[in-house]
Amino acid sequence: MTENVVVLGAGYAGTGAISKLQSELGGNARLTWIADVDYHLVLHESHRVIRDPDVQSDITFPVTQVADPSTRFIQDEVVGLDTDDQLVELADSDPVEYDYVLVALGSQTAYYGIPGLEEHSLTLKSLDDALEIHDAVKEASQDATRGEPAQIVVGGAGLSGIQTAGEIAEFRDAHRAPIEIHLVEALDEIFPGNDPEIQQALRDLLEDAGVRIHTDDPITEATDEVIEFDEGEPLDHDVLIWTGGITGRDALDDAALEKEHNRVNVAANFQTSVDNVFAIGDSALIDQGDQPAPPTAQAAWQAAEIVGENISRAIENRPLKTWEYDDKGTVISVGEKAVAHKVKPALGISLPVDTFGGVPAKNLKKMIAARWIADITSWNEARKSWSAL
């Protein structure tokens, strides 16, 4: 019997899984791909759109460039998952039946119950979000004067927050815009939980770019003009961007799966508490022993390669592979500059330093994005996108 395999989401996890499943399943299954947009966005480069909206054409790829002709694509919003009747519930279409389903819906922004934060902030989870931030920053700078520059506040100094602040600084410099940029972090240092060496390197780049850094004081409330802190003085804002955390999608609210904050608990073979439901990416908390796999593009890419094979194995009643996350290092951009940290070298060649910047870090970041684009489309597409990465 031919099985129905359904993949939910067109982010790194879903797109990578579709690519792998198409090569693994052959004629053993009917493959359906469901997403709320008809393109894949290279999300870790979406901050580039804040500076220049024209970049979007270089970091978005139609699903037709990824999906085989035999793969059915449905553009619609997933609103529920019925694991008893094995149905994916959609906003505007009939439910889709499945024998196996891969949940790769990504995440949504967590606001941690901070009053006013959701109502008065922008987020960076999609291409539309990046375009909205660009428009808001541009409008605020046009309304400002040199004497009273626009106040742009980025809440959360993780990877997204740091890269967002860096792109706004590039926009400011390119347009000579009257803007002051603030990066706010509740914990005691930016890029929290990471090595002090890369934290300091990023702080140096941000400060060189004129970004004012505020740490060790959580936001307690946001209004349309001001954010309040636990201890410090209030901070005015014309634009507030929140990048401070993630939670699972509302579509999984009623799904009969083991979850934490709407992120699905998943074994190291990507199976959930229901055997024919698999999950990867930000939708999942993937068992890796002491800590789940991180919600990063790097982890999603690695997981997608294995989950595609495991779904094929499940259909054929073969043992599933166990995945172990392999941290290959960190590369973060601050505008046109970048920092690389503890990057695993290729071909066994050791690097003389743990942390480096300059042209090598910048080109390494571009190469990482180009490699992903090539994997899901072609090296020709990656080459055309190179200048925008």
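Refer to the structure printed above.
Residues numbered from 1 in each chain as written. Predicted model: local features only at pLDDT ≥ 70, side-chain atom pairs only at ≥ 80, totals over all residues. Heavy atoms only, no water.

Digging into helix α1 (residues 12-25)
Helical geometry note: an α-helix holds 3.6 residues per turn, so side chains three or four residues apart project in the same direction. Stated precisely, the cut-off is as follows: Only runs of H or I of at least four residues qualify as helices and only runs of E of at least two qualify as strands under DSSP, and these elements are numbered from the N terminus. The span one expects for a helix is its residue count, reduced by one, times 1.5 Å. Using a 1.4 Å probe on the protein chains alone, a residue whose accessible area is under 20% of its type maximum counts as buried, one over 50% counts as exposed, and one in between counts as partly exposed. Residues count as neighbours in contact if any of their non-hydrogen atoms are within 4.5 Å of one another.
With 14 residues, α1 extends 20 Å between its outermost C-alpha atoms, agreeing within 8% with the 20 Å of an ideal straight helix rising 1.5 Å per residue. Most of α1 sits out of view: eleven of its 14 residues are buried. Residues of α1 that are buried include every one of Y12, A13, G14, T15, G16, A17, I18, K20, L21, Q22 and L25, and no others. Looking at the packing, one finds that the buried side of α1 touches β1 (3-8), β2 (29-35), β3 (39-41), β9 (100-103), α8 (297-315) and α9 (358-376). Phi turns positive, to about 60°, at G26, one or two residues after α1.

What to know about the pattern of salt bridges
In plain terms, the rule: The working definition used for a salt bridge is a side-chain nitrogen of Lys or Arg within 4 Å of a carboxyl oxygen of Asp or Glu.
Tallying each qualifying case throughout the model produces 20 salt bridges. Salt-bridge contacts for E305 lead to K20; the nearest nitrogen and oxygen are separated by 3.2 Å. Here E305, found in helix α8, pairs with K20, found in helix α1; they are 285 residues apart in sequence, far enough to count as distant. Its salt-bridge partner being E167, residue R51 comes within 2.8 Å of it at the nearest N-O pair. Linking R51 in helix α2 (residues 48-51) with E167 in helix α6 (residues 159-175), this pair joins segments that are 116 residues apart in sequence. R51 sits in the buried class, given a relative accessible area of 19%. With a relative accessible area of 0%, E167 lands in the buried category. Beyond isolated ion pairs, a larger network of salt bridges with shared partners links E45, R48, R51, E167, E336, K362 and K365.

Quick look at the sheet that holds strand β5 (residues 72-75)
Threshold: By the convention used here, strands pair only if DSSP detects at least 2 bridges between them. Simply put, an axis is a line fit to the C-alpha atoms, just over the touching stretch for a helix, and the angle between two N-to-C directions goes from 0 to 180 degrees.
Spatially, five strands are ordered β5-β2-β1-β9-β21 in an open sheet, and the strand pairing comes out parallel. The open sheet has two free edges, formed respectively by β5 and β21 (277-279), since each of these has just one partner strand. For this sheet, the mean angle separating the axes of adjacent strands, direction not counted, is 20°. Examined bridge by bridge, β1 and β2 share six bridges and lie parallel to one another. Bridge assignment links V6 to a residue of β2, and that residue is T32. Strands β1, β2 and β9 of the sheet are contacted by α1, whose axis makes an angle of about 170° with β2. In the packing of α8 onto the sheet, the strands contacted are β1, β2, β9 and β21, and the crossing angle to β9 comes to about 160°.

Describing the sheet that holds strand β23 (residues 330-334)
Pairing is antiparallel across the open sheet formed by three strands, whose spatial order is β23-β24-β25. Looking along the sheet, the strands with just one partner apiece sit at the ends: β23 and β25 (355-356). Bridge analysis of β23 against strand β24 (residues 337-341) gives five bridges, and the strand direction is antiparallel. Each residue of the ladder has a partner; that of V334, found in β24, is K337.

Side note on α8
To keep it simple, the criterion reads: Two axes enter the definition of the bend at a residue: one is fitted to the seven residues ending there, the other to the seven starting there, and the bend is the angle between them.
With 19 residues, α8 should reach 27 Å at 1.5 Å per residue; the first-to-last C-alpha distance of 27 Å fits that figure. The axis of α8 is deflected most strongly, by about 25°, at A304. Most of α8 is tucked away, with 17 of its 19 residues classed as buried. Phi turns positive one or two residues past the end of α8, at N317, with a value near 55°.

Some words on unusual backbone geometry
Even without being a glycine, Q86 presents a positive backbone phi close to 55°. Note that Q86 resides in the loop between β6 (78-82) and β7 (87-90). A residue is classified by how much of its surface remains accessible, and Q86, at 26% relative accessible area, is partly exposed. Even without a glycine there, the phi angle at N262 is positive, about 65°. Its place among the elements puts N262 in the loop between β19 (259-260) and β20 (263-266). Residue classification places N262 among the buried positions, given a relative accessible area of 13%.

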